[in-house]
Amino acid sequence: MTNTTSLALQPAALDELCINTIRFLSVDAVQKADSGHPGMPLGAAPMAYVLWTRFLKHSPSDPHWFNRDRFVLSAGHGSALLYSLLHLTGYDLPMEELKQFRQWGSKTPGHPERGLVPGVEVTTGPLGQGFANGVGIAMAEAYLGARYNRPGDTVVDHYTYAIVSDGDLMEGVAAEAASLAGHLRLGKLIYLYDDNRITLASATPVTFTEDHAKRFESYGWHTQQVADGNDLEAIDQAIRAAQAETDRPSLILVRTHIGFGSPKQDTCGAHGSPLGEADVKLTKEKLGWPVTPDFLVPEEALAHFRRAVDVGRQSSSKWEEQMLIYEQKYAELSRELRSLINNHLPEGWDKDIVQFPPDAKGLATRAASGKVIQAFFKNLPGFIGGSADLNTSTNTELKDAGNFESPLMKQGDLQGAAGGVWGFEGRNIQYGVREHAMGAISNGLAAHGGIIPYSATFLTFSDYMRPSIRLAALSELKVIYVFTHDSIAMGEDGPTHQPVELLAALRAIPELVVLRPADANETITAWQLAIQLPHRPVALILSRQNVPTLDRTKYAAAIGARYGGYVLADTSDAKPELILIATGSEVGLIVAAQEKLQSFNIAVRTVSMPSWELFEEQSQAYRDQVLPPEVSARIVVEAGISQGWHRYAGDKGVIISIDRFGASAPGPVLLREFGFTVENICEHAMALLKK
C-alpha cells in the first residue's frame, strides 16, 4: 500500500510538495533497484507535474479512453518519472510495482513498455523513437478528426505531448520526423525539451552546439524558451501559448538541471547510475524531504494527484454523451468510428478482391500487391500509409484517396499529389525520403488506435527502419511493411540495392511475421493475413520481376499460405523421394524443376513456404505432414543467404542460396550466374539422390 505519512515539517506549498513527491518516488525506486536514471526525474519533475496536473486530459480509471491526450516519454531512460506519475494519478500501478523497479516480473521495466502497464502509450528507450512516435500519434488524431468531426460535433480532439531529451534531438530519426511534422503543420503536437545540457558521457557543448530553437523554427515549428525549469508559471504559460499556436507543432525548450538538488547535479554522474545512499540522504535534506521512510507519499500530495481520477471520469463520460448525440446525427459515421476504436474489421472488407487467373508470364508480386490494395482499401477507412518517395515503384498509392497534407497547403503548389480528397483526410502519406521516420511514425499511428498503418520501401532499405520494426514487434503493434525489390533479381542497380541478407535479418526479429508470397494469389492471402492478424506487425516481401501466376486447379490453393508452408504439388507415389522448398519468386523455379524431375520418374514434392513464423506456429503433426522427417533428400531455393534454412533442409539437404553480395547486371543474367535455374536445381537433385 502507498505510504501516506504526512510530513512533520514546516508546511510547503502544495506544488513543491507534489513535485518532490515525484522526485523522490523516482529516486527511491532507482536506489532500491541499484539501477536506473535518477537525474532526469529530479530535473524534469516540475514540467511533468505542470503538464500532468494542469493540462493532460486523461482518465486513470479508463486508460484506453479514445479521446484522451497522449503523453510520450521519449526520454525513456527516465521511466521512474513516468511510473511515479502513473501511480500518483491513480492508474493501476501499485506502490509495490515501484518498489520492484527493473526487477523480474515487475510492471516497471527499465524503459517504458506499451501493454505492460496502463498509461504507457508507446515503448521508448532507443532515443528518437518516442519523438517520432508522437508525430505518428498526432497524425492519427488529425486524420480521424478530419474524417469524423463535424461542425459543432468534435468527437476526435486531443493533444499529443512528449518530454524529449538531448539524445532524442540528436538522433537522425527525430530530425526526419521533426521535418515532416513541421511540413504537415501538426498544431496539436507539443513537446517539452528537457534541456539539461548533459548526456551520458559528456556535457552537450562537447557534441551538440547548434541553436536548437532556430533548427526547429527552420523545420516549421513554433518554439519557446523557459529559462528556469522550476518556474511553474513560465512552463504553464508556455504550454498555453503552444496550444494557441494551431498551425505549427511546438517545442518548448525548458532549461533544467539534471540531478537537481543532488551532489551530482549538472554532471554526467547523475544520468545513468543510482545516487548512492549517502547522496540520496543529502539530496532529500537539501530539498527539505524526510530522509525516511522511503517511497513517501504525503496525504496532501496524493489527494491532489488523485483528483485526476474524478476529473478523468467526468471527461470520458462527457465524451460518451457527445458520442450519443453524434450517433443520432451521423449514424453511419458513428458506426464506422466505433468499429475503428474497437479494432473491428468491417464484414466483407475483402469482398472486392478477385483471384488472379493462371498466367505463365504472370506479374510481379509488387504489382499484384498494388491491385489487391486498390480492391480493399475503400472498405477499410483506418487503412492509411505511404512510402519513402517510392509509390510508383512499390505500387502503394491509394488511388483517388488524396494526400495527407495540412489543409493550409495549397494543392496547386504541389507536384505529384494524389487525386481525391485534400487535407488531413487524405490517406496517402508522402513521407519523402525518410525511412527512419516512416518506421517510427507508423508505430505512432498504430499506437493511437483506429488506424492500420502501412509503409513501403525497397527491402534493401529495411535496415533504416529496423529499430522501429523491432519496437513494433515488442509492442505488439499492428503495422504492415511493404518491402519490394526483394532479391538480386532487381538487377542493374547492383549489390547496394540487392538485399541478400535482409530476409534473414527480418526473420530474426521475434513476433514479426515475414511473408514472401510466391505469386499473385499468394499475395492476396498475404494481404488478408496482414490485415487480420491482431497485435503483430507483418512484413510483405515482394518481387520486382514478373513471376508466373500458378494454375490453382493444378496446384494447391493459395490459401495454404496462411499456414506459413504448404504442399504446393505432390507426387502420386505413396511417399516423395525428394522435397523442393522455396519462397517468393523462387517457387516458380521449383515448380518447373519438379516437372523436369518427374519426367525422369523421380517422385518430387514441392513446398511453398512464404512464412517461417506462421509455419512454426502450426502443430508438429501438420509440419511433419508437409515435411516428413523420413524424407531427408531436400533442396531449399531462395535468392538470399542460407542462414536459418538448415532447419528445413536438414543435415543431408542442399540449400541453393547466395551467401555473398550480388552484382550489377540484368536480373535474369544474375539469376543464371548465381545458379537460380531449373538446370542447377535438377543437377543438385540428381546428385543428392545418388548419395
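Sequence order as written defines residue numbering, which begins from 1 separately in each chain. Confidence filtering applies because this is a predicted model: local features only for residues at pLDDT of at least 70, side-chain atom pairs given and counted only at 80 or more, and all residues used for totals across whole chains, interfaces and linings. With hydrogens and water stripped out, all remaining heavy atoms of the structure feed into the side-chain values.

Would you mind going over the packing of aromatic side chains with me for this structure?
By convention here, two paired aromatic rings are described through the distance between centres and the angle between planes. Each aromatic pair joins two rings of Phe, Tyr and Trp (for Trp, the six-membered one) with centres within 6.5 Å, and gets the label stacked for planes under 30 degrees apart, edge-to-face for over 60, and tilted for any other angle. As enumerated under the stated definition, the model contains 28 aromatic pairs in all. Aromatic pair Tyr49 and Phe305: ring centres 6.0 Å apart, planes at 85 degrees, arrangement edge-to-face. Placement of the pair is Tyr49 in helix α2 (residues 39–55) and Phe305 in helix α11 (residues 299–305), with a sequence separation of 256 residues. A simple rule labels every residue: compare its accessible area, found with a 1.4 Å probe on the protein chains alone, to the largest value its type can have, and call it buried under 20%, exposed over 50%, or partly exposed in between. Assessed through its relative accessible area of 1%, Tyr49 is described here as buried. Ring plane angle 10 degrees and centroid distance 6.0 Å describe the contact between Phe458 and Phe461, whose orientation is recorded as stacked. Taken individually, Phe458 and Phe461 each receive the classification buried, so the pair is uniform in this respect. Taken together, the ring pairs connect Tyr563, Trp612, Phe615, Tyr622, Trp645 and Tyr648 into an aromatic cluster. Its guanidinium or amino end placed over the ring of Phe66, Arg70 lies 5.6 Å from that ring's centre, counting from NZ or CZ. Numbering of helices and strands starts at the N terminus; helices are DSSP runs of H or I of at least 4 residues and strands are runs of E of at least 2. When the NZ atom of lysine or the CZ atom of arginine is within 6 Å of a ring's centre and also within 35 degrees of its normal, the charge is said to sit over that ring.

When you look at the layout of surface pockets in this model, what are you seeing that I'm missing?
Any space left empty among the atoms is revealed by the rolling of a water-sized probe across them. Detection works on a 1 Å grid of protein atoms alone, calling trapped sets that fit a 1.4 Å probe cavities and calling open sets with protein on both sides within 12 Å along at least five of seven lines pockets, with lining residues defined by an atom within 4 Å of a point. Grid points are joined across faces, edges and corners, and a volume is the space filled by probe spheres set on the points. For the largest pocket, the calculated volume is near 1,000 Å³. What lines the largest pocket is a set of 46 residues, and nearest its centre among them are Arg114, Asn343, Ala446, Gly449 and His535. At 4 residues, helix α13 (residues 331–341) tops the list of elements feeding residues into the lining of the largest pocket. Taken together, the residues that form the lining of the largest pocket break down as 23 nonpolar, 14 polar and 9 charged. Start and end positions for the domains come from either an automated domain assignment or a database one. If you count residues domain by domain, the lining of the largest pocket takes at least three from each of domain 1 (11–312) and domain 2 (359–408 + 419–548). The calculated volume of the second largest pocket comes to roughly 360 Å³. Each residue gets one of three labels, nonpolar for Ala, Val, Leu, Ile, Met, Phe, Trp, Tyr, Cys and Pro, charged for Asp, Glu, Lys and Arg, and polar for the others, Gly among them.

What should I look at first to understand the side chain of Arg434 in this one?
Inspection of the secondary structure puts Arg434 in the loop between β10 (428–430) and α16 (435–448). Buried charged residue Arg434 carries no salt bridge. Nearest counter-charge: Glu176, at 5.9 Å. Other than its neighbours up to four places away in sequence, Arg434 contacts Glu176, Ser179, Leu180 and Ala388. Only four residue types enter the tally: Lys and Arg on the positive side, Asp and Glu on the negative side; His and the chain ends are excluded. In what follows, salt bridge is the name for a side-chain nitrogen of Lys or Arg lying within 4 Å of a carboxyl oxygen of Asp or Glu. Note on definitions: a residue-residue contact is assigned when non-hydrogen atoms from the two residues lie within 4.5 Å.

Would you explain the UniProt feature "site: Important for catalytic activity" (unreviewed entry) in the chain in this entry?
Those residues carrying the UniProt feature "site: Important for catalytic activity" (unreviewed entry) are His37 and His271 in this numbering. A maximum C-alpha distance of 5.4 Å places the annotated residues, which cover 235 residues in sequence, within one compact spot. Classification of His37 as buried rests on a relative accessible area of 12%. Setting aside chain neighbours within four positions, we find His37 in contact with Val30, His77, Arg102, His271 and Gly272. The term polar contact refers here to a pair of N or O atoms within 3.5 Å; inside protein, the definition further demands a hydrogen-donor-capable atom paired with an acceptor-capable atom, and it admits residues adjacent in sequence only when both atoms are side-chain atoms. Of the polar contacts made by the side chain of His37, one reaches the backbone oxygen of His77; its length is 3.4 Å. Mapping His271 onto the fold places it in the loop between β5 (250–255) and α10 (277–286). In this structure His271 comes out as buried when scored by relative accessible area, which is 12%. His271 has contacts with Gly36, His37, Pro38, Gly39, His77, Thr199, Leu200 and Ile258, leaving out every residue within four places of it along the chain. UniProt positions are given in the numbering used here, feature names are shortened, and annotations may be inferred rather than shown by experiment.

Teacher, can you tell me more about the pattern of salt bridges here?
Pairing between side chains becomes possible if they bear opposite charge and their charged atoms approach one another. Tallied over the full model, the rule gives 31 salt bridges. The partner of Arg147 in a salt bridge is Glu336, with the nearest N and O atoms 2.9 Å apart. Within this pair, whereas Arg147 is found in helix α5 (residues 129–148), its partner Glu336 is found in helix α13, the two being separated by 189 residues in sequence. A salt bridge links Arg605 to Asp570, with the shortest nitrogen-to-oxygen separation between them at 2.9 Å. Of this pair, Arg605 sits in strand β18 (residues 604–608) while Asp570 is found in the loop between β16 (566–569) and β17 (578–582), placing the two residues 35 residues apart along the sequence.

Before we go on, may I ask you to explain empty space enclosed by the protein in this structure?
Enumeration over the complete set of coordinates arrives at 4 cavities of 30 Å³ or more. In this model, the largest cavity occupies a volume close to 70 Å³. Looking at the largest cavity, the residues that line it are Trp52, Leu56, His58, Pro63, Arg68, Asp69, Phe71, Leu86, Tyr91, Gly119 and Glu121. In terms of residue class, the lining of the largest cavity is made up of 6 nonpolar, 2 polar and 3 charged. Considered as a void within the structure, the second largest cavity measures approximately 50 Å³ in volume. Every residue along the wall of the second largest cavity is listed here: Val122, Thr123, Gln129, Asn133, Asn443, Leu471, Ala472, Ser475 and Leu477. Elements supplying a minimum of two residues to the lining of the second largest cavity: α5 and α17 (462–475). The element best represented in the lining of the second largest cavity is α17, accounting for 3 residues. Here the residues of the lining of the second largest cavity sort into 4 nonpolar, 5 polar and no charged. In this structure, the lining of the second largest cavity is formed jointly by two domains, domain 1 (11–312) and domain 2 (359–408 + 419–548), each of which donates at least three residues.

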